[in-house]
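# Analysis of the macromolecular model
Chain by chain, the residues:
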Amino acid sequence: MAPNERLKMVQRRLASVLLQIQTEQERSRTKKACILSHGFKRELSILTNARNHRNKRFVFNLDLEDFFPTFNFGRVRGFFMRDQNFQLHPAAATVLAQIACHNNHLPQGSPCSPVISNLLAHMLDLRLNKIARRHKCTYTRYADDLTFSTNKKDFPEVIGATSPGDPNKWSAGNDLLASVYLSGHKINHSKTRMQYRDSRQETTGLVVNRKINVSVDYYKLVRAMCDRLFASGIAFRQDKNKIEPVSRSHLQGKLAFIYHIRGQETSHRKLQKKDQPGYYRLYSQFLDYCNLYDVDRPTIICEGKTDNVYIRSAIEALSSKVPGLLDSEKKLTVRLFKYTKITSTIQDLAGGTDQLKKLVREYANRTQMFKTTPSHPLILVTDVDKGSTEFFKAVSAILGTTVAGADPFYHLIKNLYVVPVPKIKHPETAIEDLFDDTLLNEKVDGKSFDRTNKEKDGTKFYGKHVFATRVVWPNRSTINFARFEPLLRAFEDVKSHYKTLTSTSVKSPAPIAAAA
């Protein structure tokens, strides 16, 4: 039951304030390791929840029935009036309950339902934890999912017991049932289960037998969806005779989840190829396919983050002269590749000519398993200076002829292109040379622009990030971007060139250099 945008805005603000209050309360009364509820909280997750139940003899799972609807308007209003941490005036409590509730209860889909449900369920957590500790068990809750675990020889019957005549069927014990009902909740008995050490034990979807992990079945399902994407361009899951398409963003979420869980042992550091486990390589292949190969629009990879600011600003300023890079709504028709922690770790792309050189050399191998024909080009933009010498050697090796960045663009292999920064003033040209000297000499807080990013004296010099964010971007409507026009026209020429290749059904065009 998603709220409209105006109500969602208010609910988000309420949720933010309540979450801050809840965090402060928990810090003042307990250690992080003893937190009972792990759902919908900062720095807590299904992972932190599952860690409490790793390597146990018994893992007992239960679900609460209709979790959010259990908290009706009266309970929410009464909590804010009576709880010792709030004790609000009845009128204020009424307004908060009106903001939070719909159809007389907390709705699923509201930004503030999770944090309010945790506040109200705290008494339940205290009661269940008291029972658990009395019988040497560990207790945690993630939303409506309750978990008890222990290494005792026998599981305490007051928490969970087998059904008469069926030792494999478990139900909630009397003490647990009484505490749940006293707190205003009900058990969903159909989801109650006991898991033993000699079988697969799961808590909130994670395997907890020896180390925290995703299940093999889950990983195989995600790998199969990736294989279908790489082969046909469409990811889908197949259940018997039913085929259900899966969006790339949804699939990326699953891969990120697997990486987050299985990557605990590597601390998410960059791994050499020989050390990369299967989940790591699969995530890398997926990102290469979606970010480099089968992109949804022409994609431009520059040497660094600041270059994106320059190019975006130039595209907007020169839209009347090079109109093909903006659509009717003034949105980019090309994608500027965004460097992130994940692209650095998984794709080995964090910026710099050396990494672009490595991408050029490895591109054929990194894309050899993909069976589809890319719809759009991948464009690498590089300076033409001493720092790019080795880069152009790699380009020359692929083209079979010596090039030094004098042409508007080079087509290497498949959808991979190189567009050198056009030589404007000197034989060696960096992208900053496309700006007027007046702009390059502009002072910021009394400091001068250091184009090398190597000056260590921060009292006298500022770097490229400051130049891009405080000089170029705020003044983009008045800056003269005329020298960027050849670069933007090269992008348009690449688009046309690749469109011609794909329209003639050439799947693997021979490497060629564009004529000047």
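For the structure itself, look to the data block above.
Read on for a plain summary of the structure. This one's a predicted model, so the numbers in the text were calculated from it and none came from an experiment.

So, how was this worked out
Residues numbered from 1 in each chain as written. Predicted model: local features only at pLDDT ≥ 70, side-chain atom pairs only at ≥ 80, totals over all residues. Heavy atoms only, no water. Helix = DSSP H or I, 4+ residues; strand = E, 2+ residues; numbered from the N terminus. Expected span 1.5 Å × (residues − 1). Buried < 20%, exposed > 50% of the residue type's maximum accessible area, 1.4 Å probe, protein only. Arc of directions from axis to C-beta. Contact = heavy atoms within 4.5 Å. Axes fitted to C-alpha atoms, helices over the stretch in contact; angles between N-to-C directions. Parallel < 35°, antiparallel > 145°, perpendicular 65-115°, else oblique. Left-handed = near helix turned anticlockwise from the far one by under 90°. Nonpolar A, V, L, I, M, F, W, Y, C, P; charged D, E, K, R; others polar. Pairing = 2+ DSSP bridges.

### Remarks on helix H8 (residues 216-232)
Under the 1.5 Å per step criterion, the end-to-end length of H8 is 24 Å for 17 residues, consistent within 8% with the ideal 24 Å. Within H8 the residues assigned to the buried category are Tyr 219, Val 222, Met 225, Cys 226, Leu 229 and Phe 230. Take H8 and look down its axis: the buried residues cluster within an arc of 135 degrees, on one side only. Taken together, the buried residues of H8 touch strand S9 (235-239), strand S10 (242-246), helix H9 (248-262) and helix H10 (278-293). Phi turns positive, to about 90 degrees, at Gly 233, one or two residues after H8.

### Thoughts on the packing of helix H3 (residues 73-82) against helix H4 (residues 90-100)
Contact pair H3 / H4: the axes reach a minimum separation of 8 Å and the direction vectors enclose 140 degrees. Comparing the axis directions of H3 and H4 gives the class oblique. Considering the relative orientation of H3 and H4, their crossing is right-handed. Residue-level inspection shows Phe 73, Val 76, Arg 77, Phe 80 and Met 81 of H3 in contact with H4, the latter providing Pro 90, Ala 93, Thr 94, Leu 96, Ala 97 and Gln 98. Partitioned by chemical class, the residues of the contact of H3 with H4 number eight nonpolar, two polar and one charged.

### Some details on the pairing of strand S13 (residues 378-382)
Among the five residues in S13, five count as buried, and that is most of the element. Here S13 shows no split at all, with Leu 378, Leu 380 and Thr 382 on one side and Ile 379 and Val 381 on the other all buried. Pairing of strand S11 (residues 299-301) with S13, which is carried by three bridges, proceeds in the parallel orientation. For Ile 300, the partnering residue across the bridge sits in S13 and is Ile 379.

### Focus on unusual backbone geometry
Positioned with a positive phi, Phe 40 is a non-glycine residue whose angle comes to about 65 degrees. Note on placement: Phe 40 falls in the loop between helix H1 (5-29) and helix H2 (46-51). Unusually for a residue other than glycine, Asn 55 sits at a positive phi of about 60 degrees. Following the sequence through the fold, Asn 55 ends up in the loop between H2 and strand S1 (58-63).

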